[in-house]
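What follows is the residue order along each chain.
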Amino acid sequence: MEQSKPTLILEHVTKSFRDFTAVSDLSLQVRPGRVFGLIGPNGAGKTTTIRMIVNITVPDSGTIELLGQRMNTALQDRIGYLPEERGLYKKMKVGEQLRFFAELKDLRGAEASKRIDSWLAKLQLTAWKDKRAKELSKGMQQKVQFITAVIHDPDLVILDEPFSGLDPVNVDLMKQTILEQKAAGKTIILSTHQMEIAEKLCDDVCMINRAHKVLDGTLRDIKRSFSRNAVALQFEGGDGLLNDPALVANIRQNGEDTEVLLVPGASPQQLLKRLVDAGAAVSRFELVEPSLHDIFIEKVRETA
Amino acid sequence: MKKFFAVVKREYLQRVRTKFFVVATILGPVLMAGFTVVPALMFSIKAGGPTRLAIVDQTGKMYARVNRELMSGQTRRPDSSPEPQLGQGDRKEQISQAGKLIKRTFTVEEVSLGGRSLADVTKDLEGRVLNRELDGYIVLPPNLLTDGQPEFRTRNAADLFTKDALKDAISDAVRGQRLVDAGIDEKAVKKASEPVDLKTIEAGGKESKGEASFFLVFGMGLLIYMSVLLYGQFVLGAVIEEKETRIAEILFSSMRSFPLMIGKLVGVSLVALTQLGIWAAAFLAFSVWGVAWLAGRGFEIPFPHIRPILFLYLLIYFLMGYFIYATVYAVVGSMVTTTQEGGQVAMPIVLMLVAGFYLSFNIISNPSSPLAFWASMFPFFAPITMLVRIVTETPPLWQILLSLGIGIVTIVGLVWLAARIYRVGMLMTGKKASIPEVWRWVRQA
């Protein structure tokens, strides 16, 4: 598969605040039309990285290149950014507010009005256009903030915790909207702590811990490299069968499911055979990939 | 640049469209008119009719004169010069000046002893005063024209204004009688004691109304001071707004902090200028019609004649003064997290404006001294001190331009500083800044 030119390239980017290094020698590439997950524990350096990408701060060393150009002020209009720290002008009407943010991204006039209306309709906010921001619920405010990040049709959309404060209905709406943006060819950087969502949306993942990159690649490759010979089981009978250190390394109970991590070298077939031989009624036997959640936790432990 | 205008537009429209702005704009001139017109009207209200007096004339010849003076006193205009006298005249003097504005009328009756003893008559009068048939009575002693002291008995001894009026009337009557007794023509004396009005002419210039211009400068200083206090809070609020609403990061991902800060300052300042402009227009309208109306009712409000160039200077230095102190609020706003906190931090700096006032007292008498020069170069004093110099003894043009240049550089520098502190402060979210920390931010950003 031919790889298109990356939308965003970071090379050996380092940023320190006095004696604290927030980001150290970070290199990464974000390819167009993909959702790029930027994950990591609190204080890992994600926000600092994003702020350098949107040109709020400048790296101490290293380069950032967007759409084939070194980062500059003009490029800011090509980026849509939904920061984690976000808000709205409380007394300003939703429509006016969006127009102001559009103007800050150099979008004005009739085109701006048209897009404001279509986005409000898309996110079911049309009725709130002339309401002041303070009259909106938190979820609605979140959606308005999301619109400010995409109103100017940017090439790169950076979303920092876009799902916080949303109810399940709106989480789905937001997910769908993000995928639509991706389908429209936008490059999306998604930073979140909600691993289940990241797992469903991201094509690529980069994990940062303590200022360093600890993981980088497509989600599929990462999962494959973490494949740990795990089996999800549902069975009855055969008590005590799994207590065999020669075969099973770890057992975890997830409700009905039992997740069994086999010792290296052991094959799932051995386990299945043993269960069948012991007369256990197996209703589920599935080879499972580790979840992003598990990978995350393991990586954090490993690099602590 | 377009983004800068977007910021200006937002700051301006968001404030001008509020009910608060509309109400304040309308109430401003109403209050202003209230403070000038209402006291004048109140003085003109005659409360409770004429003051009823009885005069016991023991000299036997003074009653007619005193009566005449009292009656003529009712229509006598306040004889002080209409222009306010700076720093002169104590409190008491001012009160009696104000008292002269009150219209008073008297009804006077003569009470002759008619063979009775003085004690008898006064006892009788005392009774009438207590019964409210009279408001008071005066006893003119027989030796009034030499060194006798007249007595005024009244229920309301605290009425200074009436007492002053009586004192003046009796004094005038006694003076007149003494002149007649000495065989001097009363009218000739009056004519001889007409006061002289000193006409001040600036060397090489036209007739000067220096005093009027001087008060204008003070008025301007006061206007700067009030505008700074009033709108400085707006600037503070505008700078803090994005911190409180957590919008700053979105803004910084779209534009640099310097145009953002200038945009905010200009937007809010346009609001201030809009309001002041409306008030100025209202004041002008008041000047044209209101003064004529008041003059028609017997109140003359003096209007100073000022060189037109001075208006230009007033405008320029007003803008400079306003912007210098407004940017101080912007710097403070970039450091603090709440408006209240900001107000406290900014106050000592704004008091420098007051220091400028005090310096100008010295500068009036020595407008070309080194102190005057340096005070008018220091940007925080210049809006007042340089104006004082321009009015008193206009300094060379290069000095005026230099002070303006310093002012502009100061304003730009302060905005730059505010923008820098603001941006770095945003990156260190939630932290309250100490001064050394702010200094570090300024250097590192």
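None of these values were measured; they are calculated from a predicted model.

With that settled, the discussion passes to the packing of helix H11 (residues 308-335) of chain B against helix H12 (residues 339-365) of chain B. All names here are of chain B. Contact geometry for H11 and H12: axes closest at 9 Å, N-to-C directions at 155°. Taken together, the axes of H11 and H12 are roughly antiparallel relative to one another. Crossing of H11 against H12: the hand is right-handed. Counting all contacts with H11, which are made through Tyr 325, Val 328, Tyr 329, Val 332 and Gly 333, the residues of H12 involved are Gly 342, Val 345, Ala 346, Ile 349, Val 350 and Leu 353. Here the contact of H11 with H12 is composed, by residue class, of nine nonpolar, two polar and no charged.

Counting 134 residues, the largest nonpolar core has Ile 158 and Leu 190 of chain A together with Val 235, Ala 326, Ala 330 and Leu 387 of chain B as its most contacted members. With 14 residues, H11 of chain B is the largest single contributor of residues to this core. With sequence-adjacent residues up to four places away left out, Leu 190 of chain A is seen in contact with Val 35, Phe 36, Gly 37, Leu 38, Leu 159, Ala 198, Leu 201 and Cys 202 of chain A. If you look at the next biggest cluster of nonpolar residues, it comprises 22 residues, including Met 62, Val 66, Val 111 and Ala 169 of chain B.

All names here are of chain A. Pairing in this open sheet of six strands is mixed, and the strands run E6-E7-E8-E3-E9-E10 from one edge to the other. Edge strands, defined here as strands with exactly one partner in the open sheet, are strand E6 (79-82) and strand E10 (212-218). On average, each strand axis in the sheet is inclined to that of its neighbour by 15°, with strand direction left out of account. Here strand E3 (residues 35-39) runs beside strand E8 (residues 187-191); their pairing, made up of four bridges, is parallel. When the sheet's bridge partners are listed, Leu 38 is paired in E8 with Ser 191. Against the sheet, helix H1 (residues 46-53) makes contact with E3, strand E7 (156-160), E8 and strand E9 (204-209), and its axis sits at roughly 155° relative to E7, the strand it touches most. Lying over the sheet, helix H9 (residues 292-302) contacts E3, E9 and E10, oriented at roughly 30° with respect to E9.

With that settled, consider the domain arrangement of chain A. Reports of interface size often rely on the accessible area that becomes lost once the parts have come together. What the domain assignment reports for chain A is domain 1 (8-224) and domain 2 (228-288). Centre-to-centre, using C-alpha coordinates, domain 1 of chain A lies 42 Å away from domain 2 of chain A.

Residue and element names in this part refer to chain A. Where burial is concerned, most of E7 is hidden: five out of the five residues are buried. Here E7 shows no split at all, with Leu 156, Ile 158 and Asp 160 on one side and Val 157 and Leu 159 on the other all buried. Note that E7 and E8 share five bridges and pair parallel. Bridge pairing in E8 places Leu 159 opposite Leu 190. Each parallel crossover has a hand, and the one from E7 via helix H5 (residues 168-183) to E8 is right-handed.

Rules of the game
- Residues numbered from 1 in each chain as written.
- Chains lettered and ligands numbered in written order.
- Predicted model: local features only at pLDDT ≥ 70, side-chain atom pairs only at ≥ 80, totals over all residues.
- Axes fitted to C-alpha atoms, helices over the stretch in contact; angles between N-to-C directions.
- Helix = DSSP H or I, 4+ residues; strand = E, 2+ residues; numbered from the N terminus.
- Parallel < 35°, antiparallel > 145°, perpendicular 65-115°, else oblique.
- Left-handed = near helix turned anticlockwise from the far one by under 90°.
- Contact = placed C-beta atoms within 7 Å.
- Nonpolar A, V, L, I, M, F, W, Y, C, P; charged D, E, K, R; others polar.
- Core = buried A, V, L, I, M, F, W, Y, C linked by C-beta atoms within 7 Å.
- Buried ≥ 20, exposed ≤ 12 C-beta atoms within 10 Å, placed from the backbone.
- Pairing = 2+ DSSP bridges.
- Domains from an automatic or database assignment.
- Right-handed = clockwise from strand over helix to strand, strands pointing away.

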